[in-house]
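Fold and geometry: a report
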Amino acid sequence: MTRRPVDTGDPDRLYTVTGGRSRAHDDSFDLVTLIVSECEPHPGMQSEHVRILGMCRHPTAVVEISAELRLPVTVVRILLGDLLATGRITARHPRAARAVASLPDSDLLKEVLHGLRNL
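Residues numbered from 1 in each chain as written. Predicted model: local features only at pLDDT ≥ 70, side-chain atom pairs only at ≥ 80, totals over all residues. Heavy atoms only, no water.

Let's shift gears to the overall build of the protein. A count of helices and strands for the protein gives six helices and three strands. Starting at the N terminus and ending at the C terminus, the protein contains elements arranged as α-β-α-β-α-α-β-α-α. Here the protein, with 119 residues, has 27% of them falling under the buried criterion. A fraction of 68% describes how many contacts in the protein between residues 6 or more apart in sequence connect residues 24 or more apart. (Helix = DSSP H or I, 4+ residues; strand = E, 2+ residues; numbered from the N terminus. Buried < 20%, exposed > 50% of the residue type's maximum accessible area, 1.4 Å probe, protein only. Contact = heavy atoms within 4.5 Å.)

What follows covers the sheet that holds strand 1 (residues 34-37). With respect to topology, three strands assemble into an open sheet ordered 2-1-3, the strand pairing being antiparallel. Unpaired on one side and paired on the other, strand 2 (60-61) and strand 3 (89-92) mark the two borders of the sheet. Bridge count between strand 1 and strand 3: four bridges; the pairing is antiparallel. The residue bridging S37 from the neighbouring strand is I89, located in strand 3. (Pairing = 2+ DSSP bridges.)

Here the focus is the side chain of H49. The topology assignment puts H49 in helix 2 (residues 47-55). Taking the relative accessible area as the measure of exposure, H49 reaches 10% and is therefore buried. Discounting chain neighbours no more than four positions away, the residues touching H49 are L79, D82 and L83.

Set out below in structure tokens:
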């Protein structure tokens with residue numbers, strides 16, 4: 001098995017893709033943030049933006065987008081920031097989803113555990 005460096009992108013290309021930016025404006029995207037497209041791509045969009053919108057018709061994690069595009073996560077975060085700022089995507093954080101959903105009652109969980117032990 002041959003190990004390759006994590007960032008194999010050409011620095012000039014990455015600089016061009018991000019418009020010279022090296023950081024996203026905010027830290028709203030962690031590796032497991034789910035991204036969902038809110039619109040279809042339109043003519044004249046940057047090719048990476050088009051690919052992201054196509055991939056994210058269903059919820060897709062930031063790390064999956066990075067792997068599919070073969071771009072470093074930092075570059076993908078910058079691209080996602082562009083799309084979020086224009087309202088073309090929605091970011092769903094798993095932590096927020098857990099807080100909204102009600103957790104099962106602890107008594108119910110104890111009964112399930114008891115039932116499983118009796119099997």
